[in-house]
Every structure is written in structure tokens, then in C-alpha cells.
Amino acid sequence: MSETKFDVIALGELLIDFTGNGLSPQGNPVYEANPGGAPCNVLAMLKKLGKRCAFVGKVGDDIFGRQLSEVVKEAGIDTRSLVVAPDVRTTLAIVQTLANGDRDFSFYRQPGADMMLTAEELPCDRLKNCRIFHFGTLSMTHETVRQATKLAVSLATAGGALISFDPNLRPPLWDDLEEARAQIAWGLAASDIVKIADNELEFMTGETDFDRGAAILRQQYPNIRLLNVTAGADGSYSYYEDKRVFVPSFKLGGTIETTGAGDTFCACVLNFALEHGLDGLNENDLTKMLRFANAAAYLVTTKKGAIRSMPEREQVEAIL
């Protein structure tokens, strides 16, 4: 008998985000080793919402890899497809929050374990047996993991899963930004649900106007059934069939840093799709979806890190 179908399987990076945490008594910057990685952040929030999730990726057999393995298990995410590699180190990211609230990333990934996942290491039967498959582009920066990602998408599609994609563009990880553009285009063409940030929308369309940029993407990629654009502190937009909805962000104070906010938003959208489907949605549905996602994303910004900072459903509902 086959195992119960997973609600969401995500593939990609699992890493340590070293985020700033003030200064030492000697005046040196102090960094906190926060477990992170966009695909696993998404799953962590989905678990808070009661969904059955599994992660596919690779970490090193080192201090950080063991820390990550334990944290992911602690979050309730299935880790049987998390490969622990003895010959490569876990990927690290240094995250610096700038004065304007933006973030600057420095990656230690030459190579990093996440980019060494191979097609042969994929859980093929599981990928054919999930409701949603989610991925981004950090698993498409190098040929080996790119092949694995594209095979995973094809397996999940063949099994009838909805495909979810978040470009999550990190320019320092690409040798050539035209290659990044090409791989994002591939992801857009393969997906039913897309979450794209304002800077990524401009990167792909040349448009700073969200409506015009969204129209370009929807014309180029008619396969996208639900397109959501996040605009940082301003809020978020949803485009579905002939409908367009905007919901402002929650500005209730207490924001520390924004790591994981977009992933939390993405998870809430996927949760909505799992609970309501993608057929016959109206503007009321889209507004309800965005309000919940914006509220959850706000709550994550009031804590450091992501995987261990996801709010409970009741906490989100309390501020709606």
C-alpha cells in the first residue's frame, strides 16, 4: 500500500542564515545562526496550519547540517528525503539588514551541499504522490541540482500536483544574470501558482508598474492560474482570471527584520489553495487569502529567523 499523499513537497536549499544580533561588549558584530532556506520556511508555516509536508534537499554532515536536520524534524516536516552528505559543507548565508529595511546577502556556497543534490537522490514515488510541489531558483543555479529540480517538477506534474514557484532571485549566486532570467522563465512556464516579489517582476518584465508587469507575465505564461506579487511593506497583489485584488500590509510595529516574510506569505497562499482549490475564486476569496498571508508575514518580521519563527493560526487570526 502506498503511503498517504503529502499536501506539499518542497525542494531546494536548507541553510543557516547568520542574522545580525547587535554588538559584543568588544564592539564586534554578533550573528545568530538561524535555520532557514526558502522552501523549508514555506513548509514550516504550512505545518503550523496543519498540513502534511516533506522536504527534499541536501545538507553537509557537519555541525550546521546536524542542527538543520534536527530543526526540520522539530518543525514536523518529513526529512526522509533530506540527504546528509559527508563530502560537502552545509550552505551558509550572512544576512545584513540595511538602514532602509532591505537585506544584503553574502553566501558561503562554493560548493554548498544544497547545490549538490542529484536526480538519482530524488524520492520519485513521493513526488508523484503530492498535492502541491513547491520550488525556487536557488536549486537552479548549477547544472546538477537544476537537473534534479526539473525532473522533480516533471514527476510531480505527471502525478497531478499543482506546481508552485517563487523565483527568490539572489543575484550573488548567479554567474550570469541572463542565465537567472532564463531559469526563472522556465519556472514560470512550469507553474500553476506563482509568488513573485516586486524587484523580480521588474527583473523579468522591465516594468515597475505591478499591473503592467503582471499583465506581461500572464500573457507570456498563460499556464499561471494564480499570480501573486508582493510589494514589501506596501502590501500584496493577486491576479486571477480577470480579477485583480490589492491588500495593504499590516503595520502594527515591532518589526525586527524581514527574513522569511515572503516564504510565510507563500505558504499561506498554498494553504488557501489546498483548502479552497483554484476554481471559481472571487474577489472576496482573494482578499481573504491576501489578508491572512499579509498578517502571517507581518508576524514573522517581529522575530529573528524563519523556521522557528512561524506563527500559529490563532496568532494570525487574532490580528485580522
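Please refer to the structure higher up on the page.
Thresholds, definitions, all that
- Residues numbered from 1 in each chain as written.
- Predicted model: local features only at pLDDT ≥ 70, side-chain atom pairs only at ≥ 80, totals over all residues.
- Heavy atoms only, no water.
- Salt bridge = Lys/Arg side-chain N within 4 Å of Asp/Glu carboxyl O.
- Helix = DSSP H or I, 4+ residues; strand = E, 2+ residues; numbered from the N terminus.
- Buried < 20%, exposed > 50% of the residue type's maximum accessible area, 1.4 Å probe, protein only.
- Phe/Tyr/Trp six-rings, centres within 6.5 Å; stacked < 30°, edge-to-face > 60°.
- Lys NZ or Arg CZ within 6 Å of the ring centre and 35° of its normal.
- Pairing = 2+ DSSP bridges.
- Polar contact = N/O pair within 3.5 Å; in protein donor to acceptor, adjacent residues only side chain to side chain.
- Contact = heavy atoms within 4.5 Å.

**Q** What should I look at first to understand the pattern of salt bridges in this one?
**A** Pairs may arise between side chains of opposite charge once their charged atoms sit close together. Following the criterion strictly, the structure yields 19 salt bridges and no others. With a closest N to O distance of 3.4 Å, Glu179 and Arg146 form a salt bridge. One end of the pair, Glu179, is in helix H5 (residues 177-189); the other, Arg146, is in helix H4 (residues 143-158), with 33 residues separating them in the sequence. Two residues, Asp279 and Arg225, come together in a salt bridge whose shortest N-O distance is 2.6 Å. In this pair, Asp279 sits in the loop between helix H8 (261-276) and helix H9 (283-300) while Arg225 sits in the loop between helix H7 (210-220) and strand S11 (226-230), placing the two residues 54 residues apart along the sequence. Asp279 gets classed as exposed once you look at its relative accessible area, which sits at 63%.

**Q** Quick question: what am I supposed to make of the packing of aromatic side chains here?
**A** Between two aromatic rings, the relevant description is the distance of the centres plus the angle of the planes. One pass over the structure, following the stated rule, counts eight aromatic pairs. For the pair Phe133 and Phe135, a centre-to-centre distance of 6.0 Å together with 25 degrees between the ring planes defines the contact as stacked. On the accessibility criterion, Phe133 (0% relative accessible area) is buried. Look at Phe135 and you get buried, because its relative accessible area is 0%. Residues Phe210 and Tyr237 carry aromatic rings whose centres are separated by 5.0 Å and whose planes lie at 65 degrees to one another, so their mutual orientation is edge-to-face. Note that Phe210 is positioned in helix H7 and Tyr237 in strand S12 (residues 235-240), a separation of 27 residues in sequence. Taking relative accessible area as the criterion, Phe210 reaches 18% and is therefore assigned buried. Three or more aromatic residues link up through ring pairs in this structure, and these residues are Phe133, Phe135, Phe165 and Trp186. Its guanidinium or amino end placed over the ring of Phe203, Arg181 lies 4.1 Å from that ring's centre, counting from NZ or CZ.

**Q** For this particular structure, what's the right way to read the pairing of strand S1 (residues 6-11)?
**A** Successive residues of a regular strand alternate their side chains across the two faces of the sheet. Across the six residues of S1, six count as buried, placing the element largely inside the fold. Here four bridges tie S1 to strand S8 (residues 130-136), and the two strands are oriented parallel to one another. Looking across to S8, one finds that Phe6 is bridged to Cys130. In the sheet, S1 pairs with strand S4 (residues 53-60) via four bridges, with the strands oriented parallel. In the sheet register, Ile9 faces S4, and the bridge partner there is Ala54.

**Q** Explain the pairing of S11 here, please?
**A** Across the five residues of S11, five count as buried, placing the element largely inside the fold. Both faces of S11 are covered, namely the face carrying Leu226, Asn228 and Thr230 and the face carrying Leu227 and Val229. As judged from the five bridges shared by strand S10 (residues 193-197) and S11, these two strands associate in the parallel manner. Bridging from a neighbouring strand, Val194 pairs with Leu227 of S11. Bridge analysis of S11 against S12 gives four bridges, and the strand direction is antiparallel. Directly across from Val229, in S12, lies its bridge partner Tyr237.

**Q** So what exactly am I meant to see when it comes to the side chain of Asp166 here?
**A** On the secondary structure map, Asp166 appears in strand S9 (residues 162-166). Here the side chain of Asp166 touches Asn168 through a polar contact of 3.1 Å, landing on its backbone nitrogen. With residues up to four places along the chain from it excluded, the contact list for Asp166 reads His134, Phe135, Gly136, Thr137, Lys195, Glu200 and Asp263.

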